[in-house]
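Structural features, examined
Chain by chain, the residues:
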Amino acid sequence: MKHLGTGIGWRPEIANAVERMPGIDWVEAVAENLCPGHIPDSLLRLRERGVTVVPHGVSLGLGGADRPDETRIAALAERAQALGSPLVTEHIAFVRAGGPLTASQPLEAGHLLPVPRTRDALDVLCENVRIAQDALPVPLAVENIAALISWPGEEMTEGQFLYELVERTGVRLLIDVANLHTNHVNRGEDPSKALDELPVEAIAYVHVAGGFERDGVWHDSHAHPVPEPVLAILSDLAARVSPPGVLLERDENFPAPQELERELDAIRETVRTKAPASGECATGTARAAAAPAAVPDATRQRLALSQTALLSALVAGTPAPEGFDRARLTVQSRALTGKRADVVAKVAPELPEILGDSYRPEFIAYAQSRPMSGGYRRDALDFAERLLLAGRPEDAEARGELTRWWLERSGPAPLDARPVTRWLRAARFALRRG
């Protein structure tokens, strides 16, 4: 496994600062935010300096009941090739449910949700990972995720689940020590025990990030400083094996560059002082020699039904599935809605500009009755349309501005200046209102 060193999550908001930071060996960029034909200049400059860039996927949904979407895998592969990356990474999570397997409406979480640690879920995950491995031009590493909720009736611990996943697929692991801390607070899981059970030799690299605790629940925000308990778990891991790479994640609420550099120094020092005496390094594992028989459709359908019931309770207001902590489901549901509002505001910044202080309450009211099914850009358009159909906003000037914004983006191509085109789209909107 390639030695990566110390890195930081590349984000457009801190791109200039990252380029100037001393000792940055590599960066990780969210794959879905990159276009292979238009790689940001900052990443190209880093590449020219010899800084490794790793694409980090967030939408493949390898833990979902459906087989991975070929288009999404191809997009991930394209980004790896465009960046000359030594590997790509994704998550052990599901991000959508419903559809043909359950004969129900497709639902999008807009977030990474935990898979049940059951034999059915493991079988499906292993096959999905093998499908992705076969289609990718470089090795795949998968990340453990943070969770607010626990599945009832789980059959394995996280460490056992990951160990068997690696044994059956040869996939590498991206271990997020902040997520181990999150699961310690939220689900009572011992990080040290998880590390005891992990195949640490399969670690490709490690994530470190911050969060905050509220009412006994830890929120993995990636918007706060790295706390001491997370560094303690990193120290425990580094005492067992030298990870090929360690990366600081920060997604928003960015501090001054000097503060990020101090956090990176603390990460370096933690790994350096706790390095195993033997110098043992994680090296990854070989791909399993032979693939087992295909997972039966009945297994995928059982998983699909359970994941759809959970996601529907979180985003569509249906009753909580039996065995789940209803209070935690409420917390998770609110977190999903809040994140959805935040991401739509980034994807369509004109909406909070037009609506002002009313944007967030209006969007949350909309989201509580309208599950997301087509991605955040579609969500932004649907939200605007829903407001306009209800005659809002009440301010005529703002309503006119929102109408123009919606009309310019609601067709298959940007609105052109021809009067007939403008009239046709306006007429279509008027018919919807009727």
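**A look at empty space enclosed by the protein**
If a probe as big as a water molecule is rolled over the atoms, it shows which places are left empty. Applying the stated criterion across every chain yields a total of one cavity of 30 Å³ or more. Here the largest cavity defines a volume of roughly 120 Å³. If you go around the largest cavity, the residues you meet are Ile92, Pro114, Val115, Arg117, Asn144, Ile145, Glu154, Glu158, Phe161, Leu162, Asn183 and Arg187. Of all elements in the fold, only α5 (158-169) and α6 (177-187) reach the threshold of two or more residues within the lining of the largest cavity. Looking at the lining of the largest cavity residue by residue, the class counts come to six nonpolar, two polar and four charged.

**What to know about the confidence of the model for the protein**
Looking at the protein as a whole, its pLDDT mean stands at 91, while 91% of the residues score no less than 70. For residues 413-418, every residue scores under 50 in pLDDT, and the model assigns this stretch twelve contacts once sequence neighbours within four places are set aside. Contacts from residues 420-424, a stretch scored under 50 in pLDDT, to residues over four places away or in other chains number five contacts.

**Remarks on the packing of aromatic side chains**
One pass over the full model with this rule turns up seven aromatic pairs. On the numbers, 4.6 Å between centres and 70° between planes, the contact of Trp26 with Tyr205 is edge-to-face. You can see Trp26 sitting in strand β2 (residues 26-30) and its partner Tyr205 sitting in strand β9 (residues 203-208), a full 179 residues away along the chain. Summarising the burial analysis for this pair, Trp26 and Tyr205 share the class buried.

**Let's talk about the nonpolar core**
Of all hydrophobic cores here, the largest spans 84 residues; its most connected members are Ile8, Val27, Leu43, Leu140, Leu165, Val177 and Val208. Once you skip the residues sitting within four places of it in the chain, Leu165 turns out to touch Ile92, Leu122, Leu125, Cys126, Val129, Val142, Gly170 and Val171. Membership of the second largest hydrophobic core comes to 24 residues, among which are Ile354, Ala367, Tyr376 and Leu407.

**As for helix α4 (residues 119-135)**
An ideal rise of 1.5 Å per residue puts 24 Å on 17 residues; α4 measures up with 25 Å between its terminal C-alpha atoms. Those residues of α4 lying buried are Ala121, Leu122, Val124, Leu125, Cys126, Glu127, Asn128, Val129, Arg130, Ala132 and Gln133.

**Quick notes on the layout of surface pockets**
Approximately 340 Å³ is the volume found for the second largest pocket. Tallying contributions element by element places strand β5 (residues 94-99) first for the lining of the second largest pocket, with six residues.

**Thoughts on α5**
With twelve residues, α5 extends 16 Å from end C-alpha to end C-alpha; this agrees with the ideal 16 Å at 1.5 Å per step. Structurally, α5 contributes buried residues whose contacts are with α4, β7 (140-143), β8 (172-176), α6 and α7 (191-197). Just downstream of α5 lies Gly170, where phi reads positive at about 75°.

**Some points on the pattern of salt bridges**
In total, this model carries 26 salt bridges according to the counting rule given. Of the charged contacts in the structure, one is a salt bridge between Glu154 and Arg117, with a shortest N-O distance of 3.9 Å. With a gap of 37 residues between them, Glu154 in the loop between β7 and α5 and Arg117 in the loop between β6 (104-113) and α4 connect regions that are remote in the sequence. When its relative accessible area of 26% is taken as the criterion, Glu154 is described as partly exposed. Put simply, Arg168 and Asp123 hold a salt bridge, and the shortest N to O gap is 2.9 Å. With a gap of 45 residues between them, Arg168 in helix α5 and Asp123 in helix α4 connect regions that are remote in the sequence. Residue classification places Arg168 among the partly exposed positions, given a relative accessible area of 23%. Residue classification places Asp123 among the partly exposed positions, given a relative accessible area of 25%. Connected through salt bridges with shared partners, the residues Arg117, Glu154, Glu158, Arg187 and Glu189 form a single ionic network.

**Let's talk about the pairing of strand β1 (residues 5-9)**
For β1, a buried count of five out of five residues is recorded, marking the element as mostly surrounded by other parts of the structure. Two strands pair when backbone bridges link them, and β1 and strand β12 (residues 245-248) are joined in this way by four bridges, in the parallel orientation. For Thr6, the partnering residue across the bridge sits in β12 and is Val246. The pairing of β1 with β2 spans three bridges and is parallel. Paired with Gly7 across the two strands is Trp26, which belongs to β2. Each parallel crossover has a hand, and for β1 linked through helix α1 (residues 15-20) to β2 it is right-handed.

About the thresholds
Residues numbered from 1 in each chain as written. Predicted model: local features only at pLDDT ≥ 70, side-chain atom pairs only at ≥ 80, totals over all residues. Heavy atoms only, no water. 1 Å grid on protein atoms, 1.4 Å probe; cavity = no way out; pocket = protein on both sides within 12 Å on 5 of 7 lines; lining within 4 Å. Points joined across faces, edges and corners; volume = space filled by probe spheres on them. Helix = DSSP H or I, 4+ residues; strand = E, 2+ residues; numbered from the N terminus. Nonpolar A, V, L, I, M, F, W, Y, C, P; charged D, E, K, R; others polar. pLDDT = per-residue confidence, 0-100. Contact = heavy atoms within 4.5 Å. Phe/Tyr/Trp six-rings, centres within 6.5 Å; stacked < 30°, edge-to-face > 60°. Buried < 20%, exposed > 50% of the residue type's maximum accessible area, 1.4 Å probe, protein only. Core = buried A, V, L, I, M, F, W, Y, C linked by side-chain atoms within 4.5 Å. Expected span 1.5 Å × (residues − 1). Salt bridge = Lys/Arg side-chain N within 4 Å of Asp/Glu carboxyl O. Pairing = 2+ DSSP bridges. Right-handed = clockwise from strand over helix to strand, strands pointing away.

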